[in-house]
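Analysis of the macromolecular model
The primary structure of each chain is shown beneath.
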Amino acid sequence: MKDLLLIISLIFIGQTLGCLIGLIKNPKETILYGSLAFAASMMMGISFFQLIPESLKIMPFYLAIISFVFGMAIFRGVDRTLPHINPELLKKEKPSIERSVTMLVIGMALHNLPEGLAIGVGFALTPVLGITIALGIAAQDVPENIATIVPLYGLTKKRMKSFIIVTVTIGFEVLGFIFGYYILKGTSLNLLGASLALVAGFMTYISVEELIPAARIKQNLKTGLTGLILGVGCALLISLLG
């Protein structure tokens, strides 16, 4: 029970802390880009240092590869309907406020699902793995939500409304956790391993196709590289401690 409460707490802490920092501090664009770079490298670090190695322990190599590629293909299929989390959103001429907010929220919700699923499947295997994954995801949720809520606030012009919107999307991460833990727990090891590799594919696609381009690393080389290095370092440290 304590482990479960800890995981739920980590889910909410990472998300809400990023929102509060973004609303209170209103960071500069370079910080937003650095935050996106950090979140991208953290996501990839979690995928390659935790999810894939754990999946390979309980299932054949070829099934892990198939699941990973399938995960990327699924997100490729929905990518056309997802908004890109990008500070440049505010610079569009005469943007449709309602549509921009709606698409941004949908994107945030769909991004939270695989994160919750990863935590749930990890927790179904061992509590330590679930907590380790939750800790890594909470760490990357902070900068990711900073970079998300700033353009959202720029669209709504209301801090409380922006905070509530992002808070509601946390429910999708909780739903992913519930499905990963309560539905998949007790199923075959191959299915659990495939789920881990599938989520790794989701998160890798999000990192490579969305977060890294949005970070504009070429234009913000120093900040971007710092974010990437810190993200990978944090992910590796967390995986070693786990």
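One can find the structure itself at the top, above this paragraph.
Notes on the structure in this doc start here.

1. What about the overall build of the chain?
Scanning the chain from N- to C-terminus turns up eight helices and zero strands. Listed N to C, the secondary structure of the chain is α-α-α-α-α-α-α-α in terms of helices and strands. The 242 residues of the chain split such that 53% are buried. Excluding contacts between residues fewer than 6 apart, the proportion of contacts in the chain whose partners are at least 24 apart in sequence is 87%. Surface accessibility of the chain: about 11300 Å² in total, with carbon and sulfur atoms responsible for 71%.

2. What about the packing of helix H2 (residues 29-58) against helix H5 (residues 127-156)?
The N-to-C vectors of H2 and H5 enclose an angle of 160 degrees; their axes lie 8 Å apart at closest approach. When the axis of H2 is compared with that of H5, the two are roughly antiparallel. Between H2 and H5 lies a crossing whose hand is left-handed. The residues of H5 that touch H2, namely those facing Leu-32, Ser-35, Leu-36, Phe-38, Ala-39, Met-42, Met-43, Ile-46, Gln-50, Leu-51 and Glu-54, are Leu-129, Thr-132, Ile-133, Gly-136, Ile-137, Ala-139, Gln-140, Pro-143, Glu-144, Ile-146, Ala-147 and Val-150.

3. So, the nonpolar core
In summary, soluble globular proteins display a tendency toward joint burial of nonpolar side chains. If you look at the biggest cluster of nonpolar residues, it comprises 49 residues, and the most contacted ones within it are Ile-7, Leu-51, Ile-119 and Phe-177. When residues of this core are traced back to their parent elements, those giving at least two are helix H1 (2-25), H2, helix H3 (61-78), helix H4 (97-125), H5, helix H6 (159-183), helix H7 (189-215) and helix H8 (221-241). Top contributing element to this core by residue count: H7, with twelve residues. With eleven residues, the next largest nonpolar core counts Ile-146, Leu-152, Ile-165 and Val-166 among its residues.

4. Topic: H1
Residues three or four positions apart in an α-helix share a direction because the helix packs 3.6 residues into each turn. The terminal C-alpha atoms of H1, which comprises 24 residues, lie 33 Å apart, in line with the 34 Å expected from a rise of 1.5 Å per residue. All of the buried residues in H1 are Leu-4, Ile-7, Leu-10, Ile-11, Gly-14, Gln-15, Gly-18, Cys-19, Gly-22 and Leu-23. Once H1 finishes, Asn-26 follows within two positions and takes phi at roughly 50 degrees, a positive value.

5. A word on the pattern of salt bridges
In the structure shown here, the tally under the stated rule is two salt bridges. The residue Lys-57 makes a salt bridge to Glu-54 at a minimum N-O spacing of 3.2 Å. Of the two residues, Lys-57 and Glu-54 are both situated in helix H2; the distance of three residues between them amounts to about one turn of the helix. Note on Lys-57: relative accessible area 62%, which makes it exposed. On the accessibility criterion, Glu-54 (22% relative accessible area) is partly exposed. Here Glu-209 and Arg-76 are joined by a salt bridge, their closest N and O atoms 4.0 Å apart. Taken as a pair, Glu-209 in helix H7 and Arg-76 in helix H3 lie far apart in primary sequence, 133 residues in all.

The rules behind the values
- Residue numbers here run from 1 along each chain, matching the order of that chain's written sequence.
- Residues qualify for local features only when their pLDDT is at least 70, as the model is predicted, and side-chain atom pairs are given and counted only at 80 or more; totals for whole chains, interfaces and linings, by contrast, use all residues.
- Only hydrogens and water are set aside when side-chain values are computed; all heavy atoms of the structure are taken into account.
- In DSSP terms, a helix is any run of H or I states spanning at least four residues, a strand is any run of E spanning at least two, and both are numbered starting from the N terminus.
- A 1.4 Å probe rolled over the protein chains alone gives each residue an accessible area, and that area as a share of the maximum for its type sets the label: buried under 20%, exposed over 50%, partly exposed in between.
- Contacts between residues were defined by any pair of non-hydrogen atoms, one from each residue, lying within 4.5 Å.
- Each accessible area is a Shrake-Rupley estimate made with a 1.4 Å probe; only the visible protein chains count as cover when residues are assessed.
- Working convention: axes come from line fits to C-alpha atoms, limited for helices to the stretch in contact. Angles between N-to-C directions cover 0 to 180 degrees.
- Here is the rule for angles: anything less than 35 degrees is roughly parallel, anything more than 145 is roughly antiparallel, 65 through 115 is roughly perpendicular, and the remaining ranges are oblique.
- Handedness of a helix crossing follows the sense of rotation of the near helix relative to the far helix, less than a right angle counterclockwise being left-handed and clockwise being right-handed.
- By convention a nonpolar core is built from buried Ala, Val, Leu, Ile, Met, Phe, Trp, Tyr and Cys residues, the set being connected through side-chain atoms within 4.5 Å.
- An expected span of 1.5 Å times one less than the residue number is assigned to each helix.
- We count a salt bridge whenever a side-chain nitrogen from Lys or Arg sits within 4 Å of a carboxyl oxygen from Asp or Glu.

By themselves, these are just geometric observations and shouldn't be taken as functional.
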